[in-house]
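Coordinates in review
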Amino acid sequence: MTFLPDPAVLAAYTLACLVLFITPGPDMSLFLSRTMSGGRRHGVAAMLGAQIGCIIHTLLAAVGLSALLSASEAAFTVLKVVGAGYLGWMAWDAIRNGSSLNVKAEADPEAARRVVWRSFLIGIGINLSNPKVVLFFVTFLPQFVSATDPHAANKMAFLGLYFVALSIPLAIVMILLAERLVRYLKSRPRALRAIDWTFGSLFGLFAVKILLTQAGR
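Residues numbered from 1 in each chain as written. Predicted model: local features only at pLDDT ≥ 70, side-chain atom pairs only at ≥ 80, totals over all residues. Heavy atoms only, no water.

On a plain count of helices and strands, the chain comes out with 10 helices and zero strands. Along its sequence from the N terminus, the chain presents helices and strands in the succession α-α-α-α-α-α-α-α-α-α. Residues counted as buried form 46% of the 217 residues belonging to the chain. Across the chain, every contact between residues at least 6 apart in sequence was considered, and the portion connecting residues at least 24 apart equals 84%. Of the roughly 11400 Å² of accessible surface on the chain, 69% is carried by carbon and sulfur atoms. (Helix = DSSP H or I, 4+ residues; strand = E, 2+ residues; numbered from the N terminus. Buried < 20%, exposed > 50% of the residue type's maximum accessible area, 1.4 Å probe, protein only. Contact = heavy atoms within 4.5 Å. Areas by Shrake-Rupley, 256 points an atom, 1.4 Å probe, with all protein chains shown as cover.)

Next comes the structure, spelled out in structure tokens:
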């Protein structure tokens, strides 16, 4: 199968993906904050939204559009501003609403579904508007594919989808652990508010880091 890399390359890539997964970033913070504020359904919805974003990035990288985006200073700047603004709004939302669960939405199934869909769409939005994700697919994936390989595009697509397949079960385990922590902290509102401020601060920090991101780095 022409899209499969060599076993040694795949093993090295798997190890690199595991290291990247445990490295804190906007996506991980989003999964955990949504789980803390709305339970595992919201955490899983946000995670799946981010993975849809990764699939879109994979397809764009495979056809070369991500490289064009990172090479365009104007387009990259727009993406940085949008991504930082989105994370800034998430920081404000985490502090303003945070772990104060919406009882009315929980009582109304239709409202609850809308809130879960909102978490899913936010996951897509944060992932797609993060220039660091663009750079990941432009600079990281090609390290595991030879530029002279006639099947390079197919292999890049496979590696991107492999990263998604590897991340989903790991993220679900993390979300379930976070939900157990929420159950423990529900009787400690001050601790929950401290966590809200922590996530708000993290989103703000990631927004600043995105603004400082340079194309090709």
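For any pair of aromatic rings, the description rests on two quantities: the centre-to-centre distance and the angle between the ring planes. Taken as a whole, this structure holds three aromatic pairs when the rule is applied. Judged by centre distance (5.4 Å) and plane angle (90 degrees), the rings of Trp117 and Phe120 are edge-to-face. Of this pair, Trp117 and Phe120 are both found in helix α7 (residues 109-128), three residues apart, which corresponds to roughly one turn of the helix. Note on Trp117: relative accessible area 53%, which makes it exposed. Each residue in the set Tyr13, Phe158 and Tyr162 is aromatic and connected to the rest through ring pairs, giving one cluster. (Phe/Tyr/Trp six-rings, centres within 6.5 Å; stacked < 30°, edge-to-face > 60°.)

Of the residues in the chain, 78% reach a pLDDT of 70 or more, and the chain-wide mean stands at 77. Per-element mean pLDDT across the chain ranges from 41 in helix α6 (residues 103-107) up to 90 in helix α3 (residues 40-62). (pLDDT = per-residue confidence, 0-100.)

Glancing now at helix α8 (residues 131-140). Of all 10 residues making up α8, seven are buried, and the element is well covered by its neighbours. Taken together, the buried positions of α8 are Pro131, Val133, Val134, Leu135, Phe136, Phe137 and Phe140.

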